[in-house]
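Observations on chain architecture
Spelled out, the chains give:
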Amino acid sequence: MSTQTVDLEPRAGFAKRVRRITRHPSLMEYRRLVFLVAAVNLFVFAIGLRDGRWLSDGAFALAPIADMALINLSLGILIRQQRVVNILFWLATRIPTSWPLWIRWGAGKVFHFGGLHSGGTVVGTVWFGFLLFAMAANRISGAAVPSDLTLGLSAVMVGLMVLMIVSALGPIRARFHDVFERIHRFVGWTVLALFWAQTMSMTRDVGGSLTEAPAFWMLCLITLSIVSPWLTLKRVKVTIDKPSNHVVIAGFDYGDTPFAGSSNALSHTPFGQYHSFANIPTPGKPGYRLAISRAGDWTGDFIENPPSHVWVKGITTSGVARIEDLFTKVVYVGTGSGIGPILPHLLKRKVPNRLVWSTRSPRATYGDAIVDEIEAHTEKPVIWDTDEHGKPNLTTLALQAVRESGAEAVIVIANQKLTRRVVHDMESLGIPAYGAIWDS
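Residues numbered from 1 in each chain as written. Predicted model: local features only at pLDDT ≥ 70, side-chain atom pairs only at ≥ 80, totals over all residues. Heavy atoms only, no water.

The next point concerns the sheet that holds strand β5 (residues 247-252). Strand order in the open sheet formed by three strands is β4-β5-β8, and the pairing between neighbours is antiparallel. Since the sheet does not close on itself, it has two edges, and those belong to β4 (239-241) and β8 (288-293), each with one partner. Sheet twist, expressed as the average angle between the axes of neighbouring strands with direction ignored, equals 25°. Against the sheet, helix α11 (residues 297-304) contacts β4, β5 and β8, and its axis sits at roughly 115° relative to β8. (Pairing = 2+ DSSP bridges. Helix = DSSP H or I, 4+ residues; strand = E, 2+ residues; numbered from the N terminus. Axes fitted to C-alpha atoms, helices over the stretch in contact; angles between N-to-C directions. Contact = heavy atoms within 4.5 Å.)

Attention now goes to the packing of aromatic side chains. Applying the stated criterion to the full structure yields 23 aromatic pairs. Connected via pairs of aromatic rings, a cluster forms that spans Phe45, Trp54, Phe60, Trp127, Phe130 and Phe133. Note that Arg173 overlies the ring of Phe180, its terminal NZ or CZ placed 5.6 Å from the centroid. The ring of Phe259 carries the charged tip of Arg322 above its face, separated from the ring centre by 4.7 Å. (Phe/Tyr/Trp six-rings, centres within 6.5 Å; stacked < 30°, edge-to-face > 60°. Lys NZ or Arg CZ within 6 Å of the ring centre and 35° of its normal.)

Quick look at the confidence of the model for the protein chain now. It should be kept in mind that the predicted coordinates are not to be read in detail where pLDDT is low. Considering every residue of the protein chain, the mean pLDDT works out to 91; 97% of them sit at 70 or more. Here helix α1 (residues 14-22) stands out as the element of the protein chain with the lowest mean pLDDT, 82, in contrast to strand β13 (residues 409-413), whose mean of 97 is the highest. Taken together, the stretch residues 1-6 has pLDDT below 50 and engages in 16 contacts with residues farther than four places along the chain or on a different chain. (pLDDT = per-residue confidence, 0-100.)

Structure follows, in structure tokens:
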């Protein structure tokens, strides 16, 4: 097996050189959404300064500041709700393949909605900090409102929200991921409880009715959003097929047959670490499978000590590969266990596809059954054995597959570095490309 050399550099094409810059990962849609949220809030803040919305008669107007904090935090929380995520993907993939490619290219970026989560929560925290400052300033000026209780609750909330933001920063999250997960969950729950207490305290301060406050109803919605995944928590039986010491195929059949392009979250204990894996449903068969490869302590322990039961939380949630519906034909590029999210689409055969899969000793690692399924359900798959041939140039292989098959888009399921490189290379050449953005 050999890799033909393909010229990836634009031939004096100005548009291609521009795309090399505009499609760079540092300018991806996720970050553009973060910037959009920040820009809109800066505009609102500036207009409010001009119109005296935040400061009136020498005192800060707490209500509109609190409203802005709540609006942004609500956006940040609700956009990540599993049902909202599924709705976003459903809406994006309603666009027919007869529409211009540039429209479908943009719609396929729906999975970058996490930028609204990051932007909303960070900017919402800034507004809450401004609210705390405004409260303290009013009290220093002699105002009776807010009460000491409201001030104290607000200060603790701001401190905890800052802790959540700091723990979510890329380098910190990558190095201390387990700590990040615990902070995000348990500190998040604490902030929600404090939010309720602060809202009730502020309502009492001004002598209003709780149910007449917009914050009350928004908090009800936020609380339902956060609690909802836990209402589906269940302990289920799992069967384990272990083709090698690197990977296991976990099988489930408890009355749930998920759709292709979805994932489920598993844990050994009801409130322990949850890890999401792509579901592999087989058309015409109940239940589903998961390919779990060794990629850390949790997965290593799962492989070495296969459990008889696990906990499943939430509903099946759409993932990046579901956007294949927007195109007439796609090329899937995967490495190692990245075949897990790809396989259900090969089996479903809804969208014609080609596959480029790079992995070590595919049959020895993943078993004959998986490889046989792949070869039976996709046209001319390129299965690159890295033990035999070394690491390939995935960009070159992907581009060859696109040119040979006439595919409209490339979907990449690999590690972060490879995913970003291949997506950037493809999009620089004017080929829509998609891959996980590691925002959760």
